[in-house]
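Architecture at a glance
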Amino acid sequence: MPTLKKIVLASGNAGKIREIAELFSELEIEIAAQGDLGIESPEETGKTFVENALLKARYAADMSGLPAVADDSGISVDALGGLPGVRSARYAGENASDDENLDLLLREMADVPDDDRGAGFHCAAVIAFPGDEVDPVVAEGVWRGRILHQRVGDGGFGYDPIFLDEAAGKTGAQMSREEKNAVSHRGKAFAELKRKLGERIVSAER
Ligand code: IMP
């Protein structure tokens, strides 16, 4: 197990970098954003969230020579056979905005009855190491809910305003950051990643 004194966050998204840095803040690890090291994001050509997260983390690890953390996420809608899935950020086109993607999903779901509007946010969170000697640590999280017929709430981002958490009785856009982190796909995946990383470090020290 390589030492974890400094890691790279393999994302170009400032919001995501802040969130992930926050999740790792208690671990006393120095964190650098890939952009600050002159590393760009590779194309996301994977068919699964795990494949895409690994692709991003491996690239940043090999370019920087440091362990790298990445995530990949999206929403899979039951009535659409799992779409938009890994294409969530590009659902309405390569450079589509969050609003355009959300509007397309509402249109595709217009005739779907309430009982069939189940969906899940998925997140894969990984840490990869430079070279091929050390296996990456991989974790996943799912947040189940239902797609509404229109937007409710004005917080969050992406598909949050139309995603209802039935237990909370709120959409993602009505939740505080803490509330959402406690139940969300990303919160679960990173909690699991930290747990697995802790196990690796302990077994390497034995
Ligand atoms: P990524 O940056 O490649 O992981 O793409 C994630 C895409 O999935 C984003 O553009 C959002 O549209 C959607 N998404 C992922 N997580 C969330 C979330 O927590 N709320 C709302 N939309 C999300």
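Let us look at the site of the ligand. The full set close to the ligand counts 16 residues, and Lys16, Ser73, Asp160, Lys180 and Arg186 are the nearest of them. Interatomic distance of 3.4 Å between a side-chain N/O atom of Glu44 and an oxygen atom of the ligand. Ser73 places a polar main-chain atom, nitrogen or oxygen, 2.9 Å from an oxygen atom of the ligand. Within the complex, the protein chains bury 90% of what would otherwise be the 490 Å² of accessible surface of the ligand. Listed by contribution, the elements that provide at least two residues to the shell around the ligand are β3 (68-77) and α5 (185-205).

Moving on, we get to the packing of aromatic side chains. Taken as a whole, this structure holds three aromatic pairs when the rule is applied. Seen from their ring centres, Phe121 and Phe163 are 4.5 Å apart, and the 55° between their planes marks the pair as tilted. With a gap of 42 residues between them, Phe121 in strand β4 (residues 118-128) and Phe163 in strand β6 (residues 163-165) connect regions that are remote in the sequence. Look at Phe121 and you get buried, because its relative accessible area is 6%. Between Trp143 and Phe163, the aromatic rings sit 4.8 Å apart at their centres with planes inclined by 65°, giving edge-to-face as the arrangement. Taken as a pair, Trp143 in strand β5 (residues 137-147) and Phe163 in strand β6 lie far apart in primary sequence, 20 residues in all. Owing to a relative accessible area of 2%, Trp143 belongs among the buried residues under this scheme. Relative accessible area serves as the criterion here: at 0%, Phe163 is assigned to the buried category. Through a chain of ring-to-ring contacts, three or more aromatic side chains come together here, namely Phe121, Trp143 and Phe163.

Moving on to the sheet that holds β3. In a beta sheet, neighbouring strands pair by backbone hydrogen bonds and run either parallel or antiparallel. The strand order β2-β1-β3-β4-β5-β6-β7 describes an open sheet built from seven strands, whose pairing is mixed. Sheet topology places β2 (30-33) and β7 (170-171) at the edges, where each strand pairs with a single neighbour. Inspection of the sheet shows strand β1 (residues 6-9) paired to β3 by two bridges, in the parallel sense. Residue pairing for β3: Leu9 is matched across the bridge by Val69. In this fold helix α1 (residues 14-23) packs onto β1, β2 and β3, with an angle of close to 150° to the strand it touches most, β1.

Here we come to helix α3 (residues 98-108). Listed as buried for α3 are Asn101, Leu102, Leu104, Leu105 and Leu106. Elements in contact with the buried residues of α3: β3 and β5.

Within the secondary structure, Arg90 sits in the loop between β3 and α3. Taking the relative accessible area as the measure of exposure, Arg90 reaches 18% and is therefore buried. The spacing of Arg90 and Phe163 is 73 residues in sequence and 18 Å in space, taken between C-alpha atoms. With residues up to four places along the chain from it excluded, the contact list for Arg90 reads Glu44 and Asn101.

Our focus in this paragraph is the nonpolar core. Ranked by size, the top nonpolar core spans 19 residues in total, and within it Leu4, Ile7, Phe24, Val69, Ile127, Phe190 and Leu193 carry the most contacts. Sorting the residues of this core by element identifies β1, α1, β4, β5 and α5 as the ones contributing at least two each. Counting residues per element, this core draws most heavily on α5, which supplies four residues. Setting aside anything within four residues of it in sequence, one finds Val69 in contact with Ile7, Val8, Leu9, Ala10, Ile20, Phe24, Val126, Ile127, Phe190 and Leu193. Formed by 18 residues, the second largest nonpolar core is a distinct cluster that contains Leu102, Leu105, Leu106 and Val112.

About the criteria used
- Residues numbered from 1 in each chain as written.
- Predicted model: local features only at pLDDT ≥ 70, side-chain atom pairs only at ≥ 80, totals over all residues.
- Heavy atoms only, no water.
- Near = heavy atom within 4 Å.
- Polar contact = N/O pair within 3.5 Å; in protein donor to acceptor, adjacent residues only side chain to side chain.
- Areas by Shrake-Rupley, 256 points an atom, 1.4 Å probe, with all protein chains shown as cover.
- Helix = DSSP H or I, 4+ residues; strand = E, 2+ residues; numbered from the N terminus.
- Phe/Tyr/Trp six-rings, centres within 6.5 Å; stacked < 30°, edge-to-face > 60°.
- Buried < 20%, exposed > 50% of the residue type's maximum accessible area, 1.4 Å probe, protein only.
- Pairing = 2+ DSSP bridges.
- Contact = heavy atoms within 4.5 Å.
- Axes fitted to C-alpha atoms, helices over the stretch in contact; angles between N-to-C directions.
- Core = buried A, V, L, I, M, F, W, Y, C linked by side-chain atoms within 4.5 Å.

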